[in-house]
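# Observations on the three-dimensional arrangement
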Amino acid sequence: KNLKTVVTIHDLAFKYFPDNFPAADLRKLNFFSGYAIRNSEKIIAVSESTKQDILKFFPEIESEKIRVIHHGFDADIFSLPRDLEKENEIREKLLIKKEYLLYVGAIQPRKNLLVLIEAFEKLKRTRSNIQLVLAGEKAWKWDKVIEKAAQSLHAKDIIMPGKLKFTDLGHLMRGAGVFILPSLYEGFGIPILEAFASRIPVISA
């Protein structure tokens, strides 16, 4: 009871999109996050947006208790000059044979990937020589995204390599035609910052 704690809150997505979380996980998120927020000495929020969400859902918390400290990025990975030999090696490993659009993040409904796949299918009508790379781990309720990709008329051009090494991710980012984050909600959105650092165009919801 005498131990002082500081808690970092990355986002409160489960408050906005409870249907995107399994019931058991939702109960845990609500209980543990609520306990941590109410009982910590100080709170770190990764953005002003997350700070405002904490104040919205926990109105008993004083604003002075929360300090905004933004995420950073690893310049040694994302700000390097392009290495075409390494990029081609990764492209070959992932079966990327065309120009590609890149998404990086969890595979789950909140990331709005069903809409991204639909947009890609429409783009393919006029741009046949492109692929869509969805790089990231399966997360809550990932199955509909996988199913949508598998049933697409352009399934062979939708590449889902799972979680990648950060070093590979840096090369993959720099080689992309555009980075897309269509997410419905983010506490911060680190991949956007990494894409900026990689000097590629960004499309964000």
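Refer to the preceding data block for the structure.
These lines cover the structure that appears in this document, whether it is placed above or below.

### Overview of the side chain of Asp 157
With respect to the element layout, Asp 157 can be found in the loop between helix 7 (143-151) and strand 6 (158-162). Not counting chain neighbours up to four residues away, the residues in contact with Asp 157 comprise Lys 98, Phe 120, Lys 124, Ile 130, Gln 131 and Leu 132.

### With respect to unusual backbone geometry
Of note in the backbone geometry, Leu 95 takes a positive phi value of approximately 65° without being a glycine. Note on placement: Leu 95 falls in the loop between helix 5 (84-94) and strand 4 (99-104). For Leu 95, a relative accessible area of 55% puts it in the exposed group. Non-glycine residue Arg 199 carries a positive phi angle of around 65°. Relative to the helices and strands, Arg 199 resides in the loop between helix 9 (190-198) and strand 8 (202-204).

### Remarks on the packing of helix 8 (residues 166-175) against helix 9
Each pair of packed helices can be summarised by the angle the axes make with each other and by the distance between the axes. Axis separation between helix 8 and helix 9 bottoms out at 9 Å; the angle between their running directions is 65°. Crossing handedness for the pair helix 8 and helix 9: right-handed. Here Phe 166, Met 173 and Arg 174 of helix 8 lie close against helix 9, whose contacting residues are Pro 191, Glu 194, Ala 195 and Ser 198.

### Things to note about the packing of aromatic side chains
Tallying each qualifying case throughout the model produces seven aromatic pairs. Ring geometry for Tyr 16 against Tyr 185: centres 5.1 Å apart, planes inclined by 40°, an arrangement best described as tilted. With Tyr 16 in helix 1 (residues 13-16) and Tyr 185 in the loop between strand 7 (178-181) and helix 9, this pair connects stretches of sequence that are 169 residues apart. For Tyr 185, a relative accessible area of 11% corresponds to the buried category. Ring geometry for Phe 31 and Phe 32: centres 5.2 Å apart, planes at 75°, overall edge-to-face. Phe 32 carries the same exposure label as Phe 31, and that label is exposed. Chaining the aromatic ring pairs together yields one cluster made of Tyr 16, Phe 17, Phe 57 and Tyr 185. The positively charged end of Lys 138 is found above the aromatic ring belonging to Trp 142, 4.2 Å away from the centroid.

### Here we look at the pattern of salt bridges
Throughout the structure, instances matching the rule amount to eleven salt bridges. For Lys 98, the salt bridge is made with Asp 157, and the minimal N-O distance between the two is 3.0 Å. One end of the pair, Lys 98, is in the loop between helix 5 and strand 4; the other, Asp 157, is in the loop between helix 7 and strand 6, and 59 residues separate them in sequence. Residue Lys 98 is classed as buried on the basis of its relative accessible area of 19%. Residue classification places Asp 157 among the buried residues on the basis of a relative accessible area of 3%.

### Considerations on the packing of helix 5 against helix 8
Where helix 5 meets helix 8, the axes come as close as 9 Å, and the angle between the chain directions of the two elements is 100°. By the angle class used here, helix 5 and helix 8 are roughly perpendicular. When helix 5 is examined against helix 8, the residues Lys 86, Glu 87, Ile 90, Lys 93 and Leu 94 are found in contact with a partner set consisting of Asp 168, His 171, Leu 172, Arg 174 and Gly 175. Counted by class, the contact of helix 5 with helix 8 contains three nonpolar, two polar and five charged residues.

### Quick word on the pairing of strand 6
Sheet topology note: the strand 5 (residues 130-135)/strand 6 ladder contains three bridges and is parallel. Along strand 6, the bridge assignment pairs Ala 135 with Gly 162. Each parallel crossover has a hand, and for strand 5 linked through helix 7 to strand 6 it is right-handed.

### Remarks on helix 6 (residues 113-123)
Every buried residue of helix 6 is listed here: Leu 113, Leu 116, Ile 117 and Phe 120. Within helix 6, the buried residues cover an arc of 100° as seen down the axis, which keeps them to one side. Taken together, the buried residues of helix 6 touch strand 4, strand 5, helix 7, strand 6 and strand 7.

Conventions used here
- Residues numbered from 1 in each chain as written.
- Predicted model: local features only at pLDDT ≥ 70, side-chain atom pairs only at ≥ 80, totals over all residues.
- Heavy atoms only, no water.
- Helix = DSSP H or I, 4+ residues; strand = E, 2+ residues; numbered from the N terminus.
- Contact = heavy atoms within 4.5 Å.
- Buried < 20%, exposed > 50% of the residue type's maximum accessible area, 1.4 Å probe, protein only.
- Axes fitted to C-alpha atoms, helices over the stretch in contact; angles between N-to-C directions.
- Left-handed = near helix turned anticlockwise from the far one by under 90°.
- Phe/Tyr/Trp six-rings, centres within 6.5 Å; stacked < 30°, edge-to-face > 60°.
- Lys NZ or Arg CZ within 6 Å of the ring centre and 35° of its normal.
- Salt bridge = Lys/Arg side-chain N within 4 Å of Asp/Glu carboxyl O.
- Parallel < 35°, antiparallel > 145°, perpendicular 65-115°, else oblique.
- Nonpolar A, V, L, I, M, F, W, Y, C, P; charged D, E, K, R; others polar.
- Pairing = 2+ DSSP bridges.
- Right-handed = clockwise from strand over helix to strand, strands pointing away.
- Arc of directions from axis to C-beta.

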